[in-house]
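# Results of the structural survey
Chain by chain, the residues run as shown.
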Amino acid sequence: AGRSPRLAPVTAPEVVAHRGATAGAPEHTLAAYRHAAAVGADAVECDVRLTRDGVLVCVHDRQIRRTSNGRGIVSALHLEELEQFQFGARKPKGRSRWADDEILSVTDEPDVENGLVLTLDRLLQYITATPGSLRLAIETKHPTRHTRRVEEALVDCLRRYGLLGNGRPVEWAGKPAVRMMSFSQFAVRRMAELAPGVPTVQLIGKRLRPVRRELLSGSASAVGPGVALLRSDPGFVAEAHAAGKEVHVWTVNRPADMDLMRALGVDAIITDRPDELLRRLGRD
Ligand code: G3P
Ligand code: CA
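Conventions and cut-offs
- Residues numbered from 1 in each chain as written.
- Chains lettered and ligands numbered in written order.
- Predicted model: local features only at pLDDT ≥ 70, side-chain atom pairs only at ≥ 80, totals over all residues.
- Core = buried A, V, L, I, M, F, W, Y, C linked by C-beta atoms within 7 Å.
- Buried ≥ 20, exposed ≤ 12 C-beta atoms within 10 Å, placed from the backbone.
- Contact = placed C-beta atoms within 7 Å.
- Near = placed C-beta within 6 Å.
- Nonpolar A, V, L, I, M, F, W, Y, C, P; charged D, E, K, R; others polar.
- pLDDT = per-residue confidence, 0-100.
- Helix = DSSP H or I, 4+ residues; strand = E, 2+ residues; numbered from the N terminus.
- Pairing = 2+ DSSP bridges.

Looking at an unreviewed UniProt entry, one finds the protein chain named Glycerophosphoryl diester phosphodiesterase and attributed to Blastococcus colisei.

Pasting the structure below:
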């Protein structure tokens, strides 16, 4: 099996804006990514899924109803169909869906600045327009039957933007420009084989204990536990470092957790509130 490259060592945690800067703008919109850049985040995170016609789009959920005024399953819709809907909704507190008038920027014809579903291609256009301003962490969402095609489509997309590297990461200011993340060990391994120049992050859900050793010896450059897991098992950070893995923790929004994660020495903190995190790190 391939082994993806080490990420550059960091002395302070990298600030990663989750789905863009989600507290400042609707998730996975160009506005959210621009907001992340404006507040000074080091990197941004996005989730990607394949459309029926094989295009990677930045949509978190399997279905589109939470983040658009449409209905349907991403993998069952063609890009052209997704482009009929308005994306860019703010999540109403306590509700999982909203009325059409709660969708931001509703216009007759969505455009890329104004509610058009964000493709990974468009996000990469934005990111690479100013190389070095924002690094990108791409999480592949993975209904099992699509896993192989998702990773292959991702490799194609990164190649088009010169981000695949040649066995070594493309670096911006001494750090890898892009990395791939997944909860699926299969997907991480597959990416390390397909794209040995792209660092990978093995995301970890709640079930750490049964797979701990396997995760720490796997092909990924880094492990990505949830914040709750590190709160209850803070020793995992040192254990991961001793195994040669960076620790990228998600999704850290409470100030007390930000301080704790910093004290634990994690390498990257994924947050909806990059401005608050930067302030707490003394970088505002
Ligand atoms: O960065 C990992 C984190 O984004 C995983 O959770 O549900 O926001 O994709 P989710
Ligand atoms: Ca994600």
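### Comments concerning the nonpolar core
Grouped together as the largest cluster of nonpolar side chains are 77 residues, with contacts concentrated most on Val16, Ala41, Val44, Val57, Val249 and Ile269. Excluding anything up to four places from it in sequence, Val44 contacts Val16, Ala17, Gly20, Tyr33, Ala36, Leu134 and Leu136.

### A word on the site of ligand 1
The local shell around ligand 1 consists of His18, Glu45, Asp47, His60, Glu139, Met181, Leu203, Gly224, Trp250, Thr251 and Ile270. Broken down by class, the residue content of the shell around ligand 1 amounts to 4 nonpolar, 4 polar and 3 charged.

### Some points on the confidence of the model for the protein chain
Residue-level pLDDT values for the protein chain average 87, and 83% of them are 70 or greater. Mean pLDDT in the protein chain bottoms out at helix H6 (residues 212-217), which sits at 79, and peaks at strand S4 (residues 135-140), which reaches 98. Predicted as a complex, the structure gets a pTM of 0.91 and an ipTM equal to 0.99.

### A look at the pairing of S4
Counting buried residues along S4, 6 of its 6 residues qualify, which places the element largely inside the surrounding structure. Covered by surrounding structure in S4 are Arg135, Ala137 and Glu139 together with Leu136, Ile138 and Thr140, the residues of both alternating faces. As judged from the 6 bridges shared by strand S2 (residues 43-50) and S4, these two strands associate in the parallel manner. Bridge pairing in S4 links Val48 to Thr140. Both S4 and strand S7 (residues 178-182) contribute to a ladder of 4 bridges, which runs parallel. Bridge pairing in S7 places Leu136 opposite Val178.

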